[in-house]
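# Descriptive structure summary
Now for the letters of each chain:
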Amino acid sequence: MRARGKQGAASEPDTDSPPSDTSDTDKYAKRSDDSCSAGLSDGRALRWLLGAGVLTRFYGLAWPDEVVFDEVHFGKFITGYLTGQYFFDIHPPTGKLLIAAVAWASGFRGTQPFQKIGEAYRVGTNLFALRALPAAFGAALPPLLFSLARQLGCSSASSLLVGCLVLLDGATLVESRLLLTDSSLFFWEALQLLCALRASAAPANGAAFHAYLALTGVAIGAAVSTKWTALATMGVVGLDSLRQLLAAAHAALDSASRPPASPPLPPPEGLLEDLLAGEGEARRGRAEEEGMEAGDA
């Protein structure tokens, strides 16, 4: 039994309104997501994450003014590129060459020896310029991961959470503020995943499809030429491409093996007229029978 209101009238169900197809939980989730999306646009979230990334990566970048952790190795590599000194490195050179180019443009000529961890940087060394490119790649990571999450189907609020996790991750933050190539590696790996997903979602053989496909190739090349560990991410993109090729081949074989559908046969000529004529004769016959019965009565 339904509870009565203050006026004592029983509330009856509205039989005219159609039944709802969604549950209350689905309605609440959709309403919550809509409110979050309305209050936070993707553009605003991207700008916020990029600004926070620049602030956390570039603020106080010249501190500490001494060689930290693997800067002792990457500093030697960059010095070797600038001075022409031979050295051996197990990883490809792209990430270190980019840092060396920025260092050379800032006036660094390889005067720092990079002999041990804790070694003080010499006076006149532009430490901010040496660490600027890794910081720039690190600052671009949070908005890039936000876009990747959105492309995967996450809501704006969930994607913002992903970006904030990358923004505030301690290891990523520290590696982005030092003379290392990890932040550039992460950037190229995330970019290739994003471009591969957008190429898959774009219309086949369209301008957007070819543009994102080209960017995927550039990002894969940049990542693999930075560190060999990027081969794992390239394998993920390759497996997804193989899956799409197999799905397209299966669909083509299925359509080729299916017999063509025969066109529907047209109705015989005059069929409708015959049916109408037969119905008229039947009506006249029934009328004559009813008239005869009425005359006999």
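The structure under discussion appears in the preceding block.
We now turn to the structure provided with this report. Since we're looking at a predicted model, the values are computed, not measured.

Each value, and the rule that gives it
- Residues numbered from 1 in each chain as written.
- Predicted model: local features only at pLDDT ≥ 70, side-chain atom pairs only at ≥ 80, totals over all residues.
- Heavy atoms only, no water.
- Helix = DSSP H or I, 4+ residues; strand = E, 2+ residues; numbered from the N terminus.
- Expected span 1.5 Å × (residues − 1).
- Contact = heavy atoms within 4.5 Å.
- Salt bridge = Lys/Arg side-chain N within 4 Å of Asp/Glu carboxyl O.
- Buried < 20%, exposed > 50% of the residue type's maximum accessible area, 1.4 Å probe, protein only.
- Core = buried A, V, L, I, M, F, W, Y, C linked by side-chain atoms within 4.5 Å.
- Patch = residues over 30% accessible without salt bridge, like charges linked within 9 Å, V, L, I, M, F, W, Y side chains within 5 Å.
- Areas by Shrake-Rupley, 256 points an atom, 1.4 Å probe, with all protein chains shown as cover.
- Phe/Tyr/Trp six-rings, centres within 6.5 Å; stacked < 30°, edge-to-face > 60°.
- Axes fitted to C-alpha atoms, helices over the stretch in contact; angles between N-to-C directions.
- Parallel < 35°, antiparallel > 145°, perpendicular 65-115°, else oblique.
- Left-handed = near helix turned anticlockwise from the far one by under 90°.
- Nonpolar A, V, L, I, M, F, W, Y, C, P; charged D, E, K, R; others polar.

Here we come to helix α2 (residues 42-58). For α2, spanning 17 residues, the distance from its first C-alpha to its last is 24 Å, which sits close to the expected 24 Å at 1.5 Å a residue. Buried residues along α2 sit against α5 (127-151), α6 (156-168) and α7 (170-176). Phi for Gly60, located one or two positions after α2, is positive at around 65°.

For the structure shown, the criterion picks out five salt bridges. The salt bridge partner of Arg131 is Glu71, with a shortest N-O separation of 2.8 Å. Of the two residues, Arg131 sits in helix α5 while Glu71 sits in helix α3 (residues 71-83), which places them 60 residues apart along the sequence. Take Arg131: its relative accessible area is 0%, and that puts it in the buried class. When the shortest N-O distance is used, the salt bridge between Asp89 and Lys96 registers 2.7 Å. For Lys96, a relative accessible area of 2% corresponds to the buried category.

Within the largest apolar cluster, 34 residues are counted, with the highest numbers of intra-cluster contacts made by Leu130, Phe187, Trp188 and Leu191. Taken together, the elements giving at least two residues each to this core come down to α3, α4 (94-105), α5, α8 (182-201) and α9 (207-224). Non-local contacts of Phe187, meaning those with residues more than four positions away in its chain, are made with Phe137, Ala140, Leu141 and Leu144.

Turning to a nonpolar patch on the surface, a few remarks are in order. A cluster of nonpolar side chains, namely Tyr86, Phe88 and Ile90, defines an oily patch on the protein surface of about 460 Å² accessible area. Among the secondary structure elements, Ile90 is positioned in the loop between α3 and α4.

The next subject is the packing of aromatic side chains. On inspection of all chains with the given rule, the structure shows eight aromatic pairs. Between Phe137 and Phe187, the ring centres sit 5.3 Å apart and the planes meet at 55°, which makes this aromatic pair tilted. Here Phe137, found in helix α5, pairs with Phe187, found in helix α8; they are 50 residues apart in sequence, far enough to count as distant. Summarising the burial analysis for this pair, Phe137 and Phe187 share the class buried. Plain terms: the ring middles of Phe187 and Trp188 are 5.1 Å apart, the flat faces sit at 75° to each other, and that makes the pair edge-to-face. Pair check on accessibility: Phe187 and Trp188 agree, each one buried. Taken together, the ring pairs connect Phe74, Phe77, Tyr81 and Phe87 into an aromatic cluster.

Relative orientation of the contacting elements α4 and α5 amounts to 140°, with a least axis distance of 8 Å. Taken together, α4 and α5 sit at an angle that is classed as oblique. Along this stretch, α4 crosses α5, giving a crossing that reads as right-handed. In this structure, α4 uses Leu98, Ile99, Val102 and Ala103 to contact α5, whose residues at the interface are Ala129, Leu130, Leu133 and Pro134. A per-class count over the contact of α4 with α5 returns eight nonpolar, no polar and no charged.

A word on the environment of Glu175. By the secondary structure assignment, Glu175 is in helix α7. Glu175 gets classed as partly exposed once you look at its relative accessible area, which sits at 24%. Expressed as a C-alpha distance, the spacing of Glu175 and Asp70, which sit 105 residues apart in the sequence, is 9.7 Å. The residues touching Glu175, leaving out its near neighbours within four places in the chain, are Leu180, Asp182 and Phe186.

This next bit is on the side chain of Glu71. By relative accessible area, which is 0% here, Glu71 ends up buried. Sequence-distant contacts of Glu71, that is, excluding residues within four places in its chain, are made with Glu66, Phe114, Tyr121, Arg131, Leu178, Leu179 and Leu180.

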